[in-house]
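Summary of the model geometry
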Amino acid sequence: MPPPESFAGLLRDIVGPDHVAEDPGITERYRRDWTGRFDAPATLVVRPGSSAEVSEVVRTCRDHGVAIVAQGGNTGLVGGSVPLDGELVVSTERLSGIESVTAHAGVLTAGAGTTITEVHRGARAAGWDYGVNLASRDSATLGGTIATNAGGTRVVRYGDTRRQVVGVEFVTGAGAIVSNIGGTLRDNTGFHLPSIVAGSEGTLGLVTRAALRLVPRLEHRTTALLRFADPRDAIESAEAVRGALPAVESVELCFAEGVALVCSSFGLPTPFPVIDGGYVLVEVAGSTDLTDELAAVVASLPAVADAAVAEDPTAGARLWRYRELHTEAISTVGIPHKLDVAVPPGALSELVARVGGEITAVDPSARVWLFGHGGESALHVNITGVAPDDDRVDEAVLRLVVTLGGSISAEHGIGRAKRDWMEVAHDRSTIELFTRIKSAFDPDGIMNPAVLVPLGNHF
Ligand code: FAD
Ligand code: MLT
Ligand code: ZN
């Protein structure tokens, strides 16, 4: 359902001539996803400035049978934010800015296009903090993180994005503006719209504004990077730390190959004299100094070969680079296939031990990079050296994960990349229900129709 010839003129009448782009030089950055794996030939981009304008754009699309892809920071990693079938890109760039922060209650209300870094700044300026953090924070938007139900590095303490959203305003596929941004921290008046919209990947509606429950700003933060000679000790320690340290905010996992790649890609010194085995990054935060508590837990872990501890933000940021720069470092090797899976606690060692063999059995030239959110047994399996459209390696990983009782997406969502495996993740009745929910919000199937549960996918 690509836009007809004269369609841009109709959009200009709604948003003004400066906010519709057709020129390939301008639209290029909206066409290709962050990984470079999903690249659309051409597109038309519209940038509405209010919920009312979004509504008019959606109604016009509906009248002309034009499909829409909502786009925030375009940092999504599952190919859900780009117009591969000629959809209209509706960018939230102009729906940005913090509207209010209620300092006494800790609620921040902002436009969908506000970046997560801006949300952090707004929350901290009011004496609070925001419970979601991720390496893409400078570009990823509030709307995009709600739409993907983004996880990140603080889920172990605060939960994913869904858990932070107390109110949301969005435009349905029928063009209706639906808002439940009220003044309360609790709302139990029926279906919880923020929960339904979170993780819907732009298939139900376009988020225009949201209200977030903030978390206390904690002044004392200690970060430790630990190296284990045996990767299994790293994995088991990461899975155990959450229970041992109530003030834990992050438990991240990586391995020697990835750390070596980060060091060589960015010219960083190696964190310890030897690069080997597995690495766990643990961060605690509190209103008092928790370094001793962290040290006691580290001392109780088996076989810690090396440890570096940071007690101030600058030193902490230095340690975080070894984990957070994995994504960018892997992209220097080639266009990655990115899988973000989780297994039941206790099963991560088996997944790590088996996944590389399953992948190279399918494609011996594949290179496998593993890292992730070890505290929740969530693993990022990145594969380079495989053609972007060759899905055999993806299938091998996802089938192994399901065999181990895991989830095929722990945080990035389904998008286009994993859409064909929804049947592996869910039974027929669940998918049918998802399809019916989509129809209720988006009767003509114009909202990101090719991702998650495409309409027309009749089971
Ligand atoms: P986009 O990429 O623009 O869109 C993503 C999806 O949301 C698309 O389906 C799009 O249609 C939809 N969408 C966007 N805006 C709206 C809206 N206003 N209303 C409705 N639908 C909308 N993800 C994690 O979960 N955890 C991480 O730790 C993490 N780290 C990352 C690190 C790097 C370096 C990079 C590049 C990405 C990382 N990501 C991570 C992935 C990505 O940042 C998240 O998925 C993020 O939530 C996407 O936000 P965005 O604004 O860029 O959305
Ligand atoms: C991360 O945890 O760093 C992100 O989810 C990004 C990625 O998977 O590359
Ligand atoms: Zn992640």
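Scroll up a little and you will see the structure.
Okay, so let's go over this structure. Here the structure is a predicted model, which is why all the values come from computation and not from measurement. (Residues numbered from 1 in each chain as written. Chains lettered and ligands numbered in written order. Predicted model: local features only at pLDDT ≥ 70, side-chain atom pairs only at ≥ 80, totals over all residues. Heavy atoms only, no water.)

Attention now goes to the site of ligand 1. Close to ligand 1 lie 35 residues, the nearest being Ala-70, Thr-75, Gly-76, Ser-136 and Thr-141. In this structure, Gly-144 approaches ligand 1 through a main-chain N or O atom, which is 3.4 Å from an oxygen atom. Within the contact set of ligand 1, a nitrogen atom lies 3.1 Å away from a side-chain nitrogen or oxygen of Glu-411. Protein chains bury 96% of the 980 Å² of accessible surface belonging to ligand 1 in isolation. Examining the composition of the shell around ligand 1, we find that 5 residues originate from one element, helix α5 (residues 142–148), more than from any other. The class makeup of the residues in the shell around ligand 1 is 11 nonpolar, 22 polar and 2 charged. Built from parts of two domains, the shell around ligand 1 gets at least three residues from each of domain 1 (7–91) and domain 2 (98–216). (Near = heavy atom within 4 Å. Polar contact = N/O pair within 3.5 Å; in protein donor to acceptor, adjacent residues only side chain to side chain. Areas by Shrake-Rupley, 256 points an atom, 1.4 Å probe, with all protein chains shown as cover. Helix = DSSP H or I, 4+ residues; strand = E, 2+ residues; numbered from the N terminus. Nonpolar A, V, L, I, M, F, W, Y, C, P; charged D, E, K, R; others polar. Domains from an automatic or database assignment.)

All right, on to the pattern of salt bridges then. Within this structure, the stated rule accounts for 33 salt bridges. Across the pair Asp-85 and Arg-416 runs a salt bridge, and its minimum N-O distance is 3.2 Å. Linking Asp-85 in the loop between β3 (68–71) and β4 (88–91) with Arg-416 in the loop between α14 (392–403) and α15 (422–425), this pair joins segments that are 331 residues apart in sequence. Of the residues examined, Asp-85 reaches a relative accessible area of 46% and is grouped as partly exposed. For Lys-418, the salt bridge identified is with Asp-340, shortest N-O distance 2.4 Å. You can see Lys-418 sitting in the loop between α14 and α15 and its partner Asp-340 sitting in strand β16 (residues 337–342), a full 78 residues away along the chain. Given a relative accessible area of 0%, Asp-340 falls into the buried group. Members of the salt-bridge network, linked through shared partners, are Arg-124, Asp-129, Arg-154, Arg-157, Arg-221, Glu-249 and Glu-283. (Salt bridge = Lys/Arg side-chain N within 4 Å of Asp/Glu carboxyl O. Buried < 20%, exposed > 50% of the residue type's maximum accessible area, 1.4 Å probe, protein only.)

We now examine the sheet that holds β3. Spatially, the 4 strands line up as an open sheet ordered β1-β2-β4-β3, and their pairing is mixed. Looking at strand neighbours, the two that pair on one side only are β1 (20–21) and β3, the edges of this open sheet. Pairing of strand β2 (residues 44–46) with β4, which is carried by 3 bridges, proceeds in the parallel orientation. Bridge assignment links Val-46 to a residue of β4, and that residue is Val-90. Strand contacts of helix α1 (residues 7–15): β1, β2 and β4, with the helix running at about 15 degrees to β2, the strand carrying the most contacts. Helix α3 (residues 51–64) contacts β2, β3 and β4 of the sheet and is inclined by roughly 170 degrees relative to β4. (Pairing = 2+ DSSP bridges. Contact = heavy atoms within 4.5 Å. Axes fitted to C-alpha atoms, helices over the stretch in contact; angles between N-to-C directions.)

Coordination of the zinc ion (ligand 3) by the protein is provided by His-373 (NE2), His-380 (NE2) and Glu-411 (OE), with metal-donor distances spanning 1.7 to 2.1 Å. Here the donor residues of the zinc ion (ligand 3) share one chain and are spaced in sequence as H-x6-H-x30-E. With a gap of 38 residues between them, His-373 in strand β17 (residues 367–373) and Glu-411 in the loop between α14 and α15 connect regions that are remote in the sequence. Each member of the pair, His-373 as well as Glu-411, is classed as buried. (Donors = N, O, S within 2.8 Å, 3.2 Å for Na, K, Ca; no water.)

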